[in-house]
Amino acid sequence: MIVYRAAWVLPITGPPISDAGVSVDADRIVGIHKAPFPASAKVLDLGHAALLPGLVNAHTHLELSWLRGRVAPRARFIDWVRDLVRLRRDEAPSAVREAMSGALAEVRSSGTALVGDISNTLASVKPLLDSRIGGVVFREVIGFQRSRADEVFRQAVADLDAAAWTTSLRGGLAAHAPYSVSAPLFQSIVRSFVKDHVGITSVHLAESAEEVEFVRTGDGPWKVLLEELNVWDPSWETPRCGPVEYVDRLGYLRPGTLAVHGVQTTHDDLATLKRREVTLVTCPRSNLWTGAGTPPLHSFFEAGVRVAIGTDSLASAPDLNLFSELAEARRLAPGVTARDLLRAATLNGAQALGFGTEHGSIEPGKRAALIAVDGPPAGEDVEEYLVSGVTSSQVRWVTEYSDV
Ligand SMILES: [Zn+2]
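Keep in mind the model is a prediction, meaning the values are calculated, not measured.

*Asks:* Let's hear about the overall build of the protein: which residues, and what values?
*Replies:* Across its full length, the protein holds 15 helices and 15 strands. Against the 2.2 N^0.38 benchmark of 22 Å for 404 residues, the protein shows a C-alpha radius of gyration of 21 Å, consistent with a compact globule. Considered along the principal axes of its C-alpha atoms, the protein spans approximately 75 × 45 × 40 Å. Across the 404 residues in the protein, those meeting the buried criterion constitute 52%. Considering only contacts in the protein between residues 6 or more positions apart, those separated by 24 or more positions represent 73%.

*Asks:* Go over the domain arrangement of the protein with me, naming the residues and quoting the values.
*Replies:* Taken domain by domain, the protein holds domain 1 (2-53 + 361-397) and domain 2 (55-352). The gap between the C-alpha centroids of domain 1 and domain 2 is 31 Å. Taken together, the contact between domain 1 and domain 2 spans 15 residues of the former and 18 residues of the latter. Examining the composition of the side of domain 1 that touches domain 2, we find that three residues originate from one element, helix α15 (residues 382-386), more than from any other. The residue inventory of the side of domain 1 that touches domain 2, partitioned by class, reads nine nonpolar, four polar and two charged.

*Asks:* Explain the sheet that holds strand β7 (residues 112-119) to me, and be specific about the residues and the numbers.
*Replies:* The eight strands lie next to each other as β6-β7-β8-β9-β10-β11-β12-β13, forming an open sheet whose pairing is parallel. Edge positions in the sheet fall to β6 (55-60) and β13 (306-309), since each of these pairs with one other strand and no more. Averaged over neighbouring strand pairs, the angle between their axes works out to 25° when direction is ignored. Bridge count between strand β9 (residues 169-175) and strand β10 (residues 201-205): two bridges; the pairing is parallel. Within the sheet, the bridge partner assigned to Ala-175 lies in β10 and is Val-203. On top of the sheet, helix α4 (residues 149-162) reaches β8 (134-141) and β9; it is set at about 155° to β8, its chief contact.

*Asks:* Which residues make up the environment of Phe-77, and what values do they have?
*Replies:* Locating Phe-77 in the fold gives a position in helix α1 (residues 77-88). C-alpha separation for the pair Phe-77 and Val-56, spaced 21 residues apart in sequence, amounts to 26 Å. Phe-77 has contacts with Glu-207, Ser-208, Glu-210, Thr-290, Gly-291 and Ala-292, leaving out every residue within four places of it along the chain.

*Asks:* How would you summarise the nonpolar core if you had to cite specific residues and measurements?
*Replies:* With 124 residues, the main nonpolar core has Tyr-4, Ala-6, Ala-50 and Leu-51 as its most contacted residues. It is strand β1 (residues 2-9) that contributes the most residues to this core, seven residues altogether. Other than its neighbours up to four places away in sequence, Tyr-4 contacts Gly-21, Val-22, Val-24, Leu-44, Leu-46, Leu-51, Leu-370 and Val-398.

*Asks:* Account for unusual backbone geometry, naming residues and giving values.
*Replies:* The peptide bond linking Ala-35 to Pro-36 adopts the cis configuration, its omega dihedral lying at 0°. As for its position among the elements, Pro-36 is in the loop between β3 (28-34) and β4 (42-45). Even without a glycine there, the phi angle at Asp-19 is positive, about 45°. Take Asp-19: there are 11 C-beta atoms within 10 Å of it, and that puts it in the exposed class.

*Asks:* Provide a residue-level description of the pairing of β10, including the pertinent values.
*Replies:* The element β10 is largely enclosed, with a buried count of five among its five residues. Residues Thr-201, Val-203 and Leu-205 point to one face of β10 and Ser-202 and His-204 to the other, with burial holding for every one of them.

*Asks:* Tell me about the environment of Pro-16, and name the residues and values.
*Replies:* Tracing the chain through its elements places Pro-16 in the loop between β1 and β2 (17-25). As a C-alpha pair, Pro-16 and Asp-381 span 365 residues in sequence and 9.7 Å in three-dimensional space. If sequence neighbours within four positions are ignored, Pro-16 has contacts with Trp-8, Val-9, Leu-10, Val-382 and Glu-383.

*Asks:* Report on the pairing of strand β12 (residues 279-282), specifying residues and quantitative values.
*Replies:* Successive side chains on a regular strand alternate, one facing one side of the sheet and the next facing the other. Every second residue of β12 is oriented toward a common face, with Thr-279 and Val-281 on one face and Leu-280 and Thr-282 on the other, all of them buried. Sheet analysis places strand β11 (residues 257-261) next to β12, joined by three bridges and oriented parallel. If you follow Val-260 over to β12, its bridge partner there is Val-281. Handedness of the β-α-β unit built from β11, helix α9 (residues 267-275) and β12 comes out right-handed. In this structure, β12 lies alongside β13, joined through four bridges in parallel fashion. By the bridge assignment, Val-281 is partnered in β13 with Ala-308.

*Asks:* Explain the environment of Ser-286 to me, and be specific about the residues and the numbers.
*Replies:* Structurally, the position occupied by Ser-286 is in helix α10 (residues 284-290). Judged by C-beta crowding, with 26 C-beta atoms within 10 Å, Ser-286 ranks as buried. Along the chain, Ser-286 and Leu-314 lie 28 residues apart, while their C-alpha atoms are 8.9 Å from each other. Excluding its chain neighbours within four sequence positions, the residues that come into contact with Ser-286 are Asp-312, Ser-316 and Ala-317.

*Asks:* Describe the packing of helix α6 (residues 209-217) against helix α7 (residues 221-228), and please don't skip the residues or the numbers.
*Replies:* Packing of α6 against α7 leaves a shortest axis separation of 7 Å and a crossing angle of 85°. Comparing their axes, α7 and α6 come out roughly perpendicular. Each of Glu-210, Glu-211 and Phe-214 in α6 lies in contact with α7, whose residues at this interface are Pro-221, Trp-222 and Lys-223. When its residues are assigned to classes, the contact of α6 with α7 shows three nonpolar, no polar and three charged.

Rules used in this analysis
Sequence order as written defines the numbering, with residues in each chain counted from 1. Where totals are concerned, whole chains, interfaces and linings use all residues; where local detail is concerned, this predicted model gives features only for residues with pLDDT of at least 70, and gives and counts side-chain atom pairs only at 80 or more. What counts as a helix is a DSSP run of H or I of at least four residues, what counts as a strand is a run of E of at least two, and both are numbered from the N terminus. In this description the radius of gyration comes from C-alpha coordinates, and the expected globular size is given by 2.2 Å times residues to the power 0.38. Once C-beta atoms are placed from the backbone, each residue is buried if 20 or more other C-beta atoms lie within 10 Å of its own, exposed if 12 or fewer, and partly exposed for counts between those two. Our contact criterion uses C-beta atoms placed from the backbone: two residues qualify when those atoms are within 7 Å. Throughout, the edges of the domains are those of an automatic or database domain assignment. Nonpolar residues are Ala, Val, Leu, Ile, Met, Phe, Trp, Tyr, Cys and Pro. Charged residues are Asp, Glu, Lys and Arg, and all others, Gly as well, are polar. Note on pairing: DSSP must find at least two bridges between two strands before they are called paired. Here the axes come from fitting lines to C-alpha atoms, over the contacting stretch only for helices, and the angles between their N-to-C directions go from 0 to 180 degrees. Remark: nonpolar core denotes a set of buried Ala, Val, Leu, Ile, Met, Phe, Trp, Tyr and Cys residues whose joining runs through C-beta atoms within 7 Å. Throughout, right-handed denotes a crossover for which the path from the first strand over the helix to the second runs clockwise when the strands point away from the viewer. Any angle between 65 and 115 degrees counts as roughly perpendicular, while under 35 counts as roughly parallel, over 145 as roughly antiparallel, and the rest as oblique.

Below you can see the structure in the form of structure tokens.
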């Protein structure tokens, strides 16, 4: 048994413990100790560092990594989407693969243990299996035309079934968004995620003002874009309500659903998400980049909904370092405690992705996927320090069994 001693241990389930050690046997956490440590244990001193579980990036799109620096920030979400659609017409598989490997190295070195990855092609499965990162890869399902719902769904399930999943890397289906997925397609995904695979799904929800306008009125820039892309469906019945209420009517909001963004959510929407035990995944840097707006983080936490955090992709964020995302969240929500933000970036994400019994906190029996972050300066609040921006050079993986 080894005891990793550090200036601070962050169990996540409770306050930080100063000058403490975490005992580890093989790949499992045994417990947290104050000195003196068990006589039989070998003590490895990590020095002036904070010891915490590997982070969980609950929403990213690794296959968009080749777009790093190529999609400019926009004032309107629809304009960012148009840029993305245009650029993706030139997507080359070799460039996608190469950029993903580099991105994954960054994800790992900045202390992330698990990802919730959205993929149109499942091209991220192999690089993830080759990396030391686990999580869920969601095969994204897009299809606005009702007549194509069965075909699109069957293809997505076939892709999912053909991939080589492991206990650490699991597959699921994710509807893209209310403006790009028909009602029957949403319902097919719900039926399948209840009975198959990991029982977890995801959807981009209440992200932009254009989405709200489209779901409420059936009109606006989204309709124009769908027509331009030749996927408009004249039989579409305008829900005439907000996007959260719409997908709730379709039965899509359940425990196991990750609702991503929620920038445009109302008080009632947040109450619905809480009641349905949905996890709300916030990606604040992406929301500012794409023109979706500023996520109401205070309201998310105040509503008592489970909040997780994601970086989104390199098409709308400068890096995939979740500590940087935490720093942006801290800037936008000074009233939310650093402890709540850290929990969102660890335990809440692990639970949302179905890894809550193995990851996300320092508790006996969990996987010893632990990181040490150098610092903080003497006298500084360690939790505030960890949400003030941490770079990869400050992060070390501390156990040889930290692969997930
Ligand atoms: Zn996304």
